[in-house]
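Single-letter residue listing:
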Amino acid sequence: GVETAHLTVETYKTIRKTLKGISLKSLGDSLDTIRIVKDTGELAAIRRAIACHTQALHETLAWISPSSTEREWSIEFAYRARRHGADGLSFETIVASGPRSATPHAAASGAHLDGTGPVVFDHGVVKNGYCSDETATFFLKHPSKKVIKIYDIVRQAHDLAIASIRPGLKASDIDKIARERIAA
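Structural notes, computed from the coordinates. Values in this document were obtained by computation on a predicted structure and should not be read as measured data.

So, a nonpolar patch on the surface
Next, step 1: A cluster of nonpolar residues, I150, V154 and I182, forms a patch on the protein surface that exposes about 260 Å² of accessible area.
Next, step 2: Along the chain, the position of I182 falls in helix α6 (residues 171-183).

Right, here's the structure in full:
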């Protein structure tokens, strides 16, 4: 069985050539469904990835200064994650400061962290095939009252959505709960 949705064409050709005479069948999404439920070994592996991630995050935050750039923050996190045993990053690290913090999936730029607005930091590591993933908002200086109000609304929506999670509830329903709180 081959997970064709997760292979490059080149890798698929190599597998087909290596396994000449053996029939290959696409597994579609069947393995993704099996992977949803984690056993105790997988949960422990995820916890190890999170521990590595957390150590790198704390060290990176201690290193950051308003004179740093978004890109430097991203590079520093990657370096510290590797030092703590990460095999790599889960995805390209996002660091977006000031007005750019509202841009989804903003790549880290050469912009300096002037401290006047929020910094969104979306980051994660891979360790032994398991990933961590966290998005956090930081302030390098005390934010304005307006920014605090907006942040509190988003945090309340987040907390309400998390509290609403129940078995069988669709992710879209949880998202709707958060969006309705923000709209209110």
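Let's talk about the pairing of strand β3 (residues 118-123)
Next, step 1: Among the six residues in β3, six count as buried, and that is most of the element.
Next, step 2: Residue alternation in β3 divides its side chains into two sets, P118, V120 and D122 and V119, F121 and H123, and both sets are buried.
Next, step 3: Note: strand β2 (residues 94-97) against β3, four bridges, orientation antiparallel. Of the residues in β3, the one forming a bridge with A96 is V120.
Next, step 4: Pairing between β3 and strand β6 (residues 134-139): six bridges, direction antiparallel. For D122, the partnering residue across the bridge sits in β6 and is T135.

Focus on helix α3 (residues 40-63)
Next, step 1: The first and last C-alpha atoms of α3 sit 35 Å apart over 24 residues, in line with the 34 Å expected at 1.5 Å per residue.
Next, step 2: Of the surrounding elements, those touching the buried residues of α3 are α4 (70-83), β3, β4 (125-127), β5 (130-131) and β6.
Next, step 3: N-cap assignment for α3: the residue whose side-chain oxygen lies 3.0 Å from the backbone N of G41 is D39.

Observations regarding the packing of aromatic side chains
Next, step 1: In the structure shown here, the tally under the stated rule is five aromatic pairs.
Next, step 2: Judged by centre distance (5.9 Å) and plane angle (50 degrees), the rings of W73 and F138 are tilted. Taken as a pair, W73 in helix α4 and F138 in strand β6 lie far apart in primary sequence, 65 residues in all.
Next, step 3: Each ring, one from F77 and one from F121, has its centre 5.5 Å from the other, and the planes form 85 degrees; the classification is edge-to-face.

Some points on the side chain of H53
Next, step 1: Topologically, H53 is positioned in helix α3.
Next, step 2: On the basis of relative accessibility, which here comes to 3%, the residue H53 falls in the buried class.
Next, step 3: For H53, the residues in contact, after removing those within four places along its chain, are F77, H123, G124, V125, S132, D133 and E134.

Comments concerning unusual backbone geometry
Next, step 1: Unusually for a residue other than glycine, H105 sits at a positive phi of about 55 degrees.
Next, step 2: Of note, H105 is situated in the loop between β2 and β3.

Here's the deal with the sheet that holds β4
Next, step 1: Spatial strand order, β1-β4-β5: three strands in an open sheet with antiparallel pairing. Each edge of the open sheet is held by one strand with a lone partner, namely β1 (88-89) and β5.

So, the sheet that holds β3
Next, step 1: With respect to topology, three strands assemble into an open sheet ordered β2-β3-β6, the strand pairing being antiparallel. Each edge of the sheet is formed by a strand with only one pairing partner; in this case those strands are β2 and β6. When the angles between neighbouring strand axes are averaged without regard to direction, this sheet yields 15 degrees.
Next, step 2: Across the sheet, α4 is in contact with β2, β3 and β6; its angle to β2 comes to roughly 150 degrees.

Here's the deal with the pattern of salt bridges
Next, step 1: Counted under the stated rule, the structure contains eight salt bridges.
Next, step 2: Across the pair E59 and R83 runs a salt bridge whose closest N-O atoms are separated by 3.6 Å. Of this pair, E59 sits in helix α3 while R83 sits in helix α4; the two residues are 24 residues apart in sequence, bridging distant segments of the chain.
Next, step 3: Its salt-bridge partner being D175, residue R179 comes within 2.6 Å of it at the nearest N-O pair. Residue R179 and its partner D175 are both found in helix α6; the two are separated by four residues, about one turn of the helix.
Next, step 4: Note on R179: relative accessible area 58%, which makes it exposed.
Next, step 5: Three or more residues are tied together by salt bridges with common partners; here these are E59, E76, R80 and R83.

Thresholds applied
Residues numbered from 1 in each chain as written. Predicted model: local features only at pLDDT ≥ 70, side-chain atom pairs only at ≥ 80, totals over all residues. Heavy atoms only, no water. Patch = residues over 30% accessible without salt bridge, like charges linked within 9 Å, V, L, I, M, F, W, Y side chains within 5 Å. Areas by Shrake-Rupley, 256 points an atom, 1.4 Å probe, with all protein chains shown as cover. Salt bridge = Lys/Arg side-chain N within 4 Å of Asp/Glu carboxyl O. Helix = DSSP H or I, 4+ residues; strand = E, 2+ residues; numbered from the N terminus. Buried < 20%, exposed > 50% of the residue type's maximum accessible area, 1.4 Å probe, protein only. Pairing = 2+ DSSP bridges. Expected span 1.5 Å × (residues − 1). Contact = heavy atoms within 4.5 Å. Polar contact = N/O pair within 3.5 Å; in protein donor to acceptor, adjacent residues only side chain to side chain. Phe/Tyr/Trp six-rings, centres within 6.5 Å; stacked < 30°, edge-to-face > 60°. Axes fitted to C-alpha atoms, helices over the stretch in contact; angles between N-to-C directions.

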